[in-house]
Amino acid sequence: MHTALFGKEMAETEKGLIARCNRIVKGIKKDYPLLGGARIEIVLKPQKKGSMIAKRKGKRRYLIEVDYRKYVKANYTELLGALVHELAHFEEYSKMGVLGYWIFLLMSRLSRSYSRRIERGADMQTIRKGYGRALLANRKMRREDMGEVSYRKAITIYMSNEEIRKELADRKR
Ligand SMILES: [Zn+2]
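What this report covers is the structure whose coordinates are included nearby. Quick caveat: nothing in here was measured; it's all calculated off a predicted structure. (Residues numbered from 1 in each chain as written. Predicted model: local features only at pLDDT ≥ 70, side-chain atom pairs only at ≥ 80, totals over all residues.)

**Examining the overall build of the chain**
Alright, step 1. A tally of helices and strands in the chain yields 7 helices and 3 strands.
Alright, step 2. Order of helices (α) and strands (β) in the chain, N terminus to C terminus: α-β-β-β-α-α-α-α-α-α.
Alright, step 3. Relative to the globule expectation of 16 Å for 173 residues, the C-alpha radius of gyration of the chain, 16 Å, shows essentially globular dimensions.
Alright, step 4. Principal axes of the C-alpha set define a box for the chain whose edges measure 40 × 35 × 35 Å. (Helix = DSSP H or I, 4+ residues; strand = E, 2+ residues; numbered from the N terminus. Rg over C-alpha atoms; globule rule 2.2 N^0.38 Å.)

Take a look at the structure:
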């Protein structure tokens, strides 16, 4: 638990989580050709909604904010599942101009159906890239963490675990 760690011990664990995220991102970047040469930075920041967020900082500069509390105990696959979803967002951002990104931010705040299209699109892209199992592992962990009420709400925007499972099964055939 976050609250059980103090001082130096916590600082070490935080550094460890950032290092784990950086290693994973480095390993999967090859599957995201649109991000070639882009800089992706990982920082820890508590998230009110969700557990990670993908932000564009410049033309080829991206930032992933990771909620420490929600990922400190995550295993490799659970962490990978979250990061691949964020990289899918970056690929979309890389196609946007400055105005396009600004509109994206505005629409994400204003419209649930727009957010739904964006998030489900990122989930589907993650599955297409071959990371569906990691995505599912992440969502199962998150579901346990957030409880059924929040999960029900989350799947009005994201793909449900059932939908991800079905997509994986369909692709096997
Ligand atoms: Zn997302």
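**Things to note about the nonpolar core**
Alright, step 1. The biggest cluster of nonpolar side chains holds 31 residues, and the ones touching the most others in it are C21, L79, L80, L83, V84 and L135.
Alright, step 2. If we skip the residues at most four places from it in the chain, L79 touches R20, C21, I24, Y71 and A74. (Core = buried A, V, L, I, M, F, W, Y, C linked by C-beta atoms within 7 Å. Buried ≥ 20, exposed ≤ 12 C-beta atoms within 10 Å, placed from the backbone. Contact = placed C-beta atoms within 7 Å.)

**Some thoughts on the environment of I103**
Alright, step 1. With respect to the helices and strands, the residue I103 is situated in helix α4 (residues 98-110).
Alright, step 2. I103 sits in the partly exposed class, given 13 other C-beta atoms within 10 Å.
Alright, step 3. Distance in space between the C-alpha atoms of I103 and R120 is 18 Å, their sequence separation being 17 residues.

**Re the sheet that holds strand β1 (residues 39-44)**
Alright, step 1. Here we have 3 strands laid out as an open sheet, ordered β1-β3-β2, and mixed in their pairing. Of all strands in the sheet, those with a lone pairing partner are β1 and β2 (52-58), marking the two edges. The average undirected angle you get between the axes of adjacent strands in this sheet is 25°.
Alright, step 2. As paired elements, β1 and strand β3 (residues 61-66) share 6 bridges and run parallel to each other. In the sheet register, I42 faces β3, and the bridge partner there is I64.
Alright, step 3. Helix α3 (residues 76-94) contacts β2 and β3 of the sheet and is inclined by roughly 30° relative to β2. (Pairing = 2+ DSSP bridges. Axes fitted to C-alpha atoms, helices over the stretch in contact; angles between N-to-C directions.)

**Comments concerning the packing of α3 against helix α5 (residues 112-146)**
Alright, step 1. Two elements in contact, α3 and α5, have axes whose closest approach is 7 Å; the angle formed by their N-to-C orientations is 145°. The way α3 lies across α5 gives a crossing that is left-handed. In this structure, α3 uses T77, E78, L80, G81, A82, V84, H85, A88 and H89 to contact α5, whose residues at the interface are A122, D123, Q125, T126, K129, Y131, A134, L135, A137, N138 and M141.
Alright, step 2. Here the contact of α3 with α5 is composed, by residue class, of 10 nonpolar, 7 polar and 3 charged. (Left-handed = near helix turned anticlockwise from the far one by under 90°. Nonpolar A, V, L, I, M, F, W, Y, C, P; charged D, E, K, R; others polar.)

**Observations regarding the pairing of β2**
Alright, step 1. For β2 and β3, the ladder comprises 6 bridges, and the chain directions are antiparallel. Bridging across to β3, R56 finds its partner in Y62.
Alright, step 2. Hairpin connection of β2 to β3: 2 residues between the antiparallel strands.

**Observations regarding the environment of S113**
Alright, step 1. Within the secondary structure layout, S113 lies in helix α5.
Alright, step 2. Accessibility expressed as a C-beta count within 10 Å gives 10 for S113, which makes it exposed.
Alright, step 3. For the pair S113 and G27, spaced 86 residues apart in sequence, the C-alpha separation works out to 33 Å.

**Observations regarding helix α7 (residues 161-172)**
Alright, step 1. Taking 1.5 Å of rise per residue, the 12 residues of α7 would be expected to cover 16 Å, and the 17 Å separating its terminal C-alpha atoms lies within 8% of that figure.
Alright, step 2. Within α7, only 1 of the 12 residues are buried, which leaves it mostly out in the open. (Expected span 1.5 Å × (residues − 1).)

Remember that the coordinates give geometry; whether it matters functionally is a separate question.
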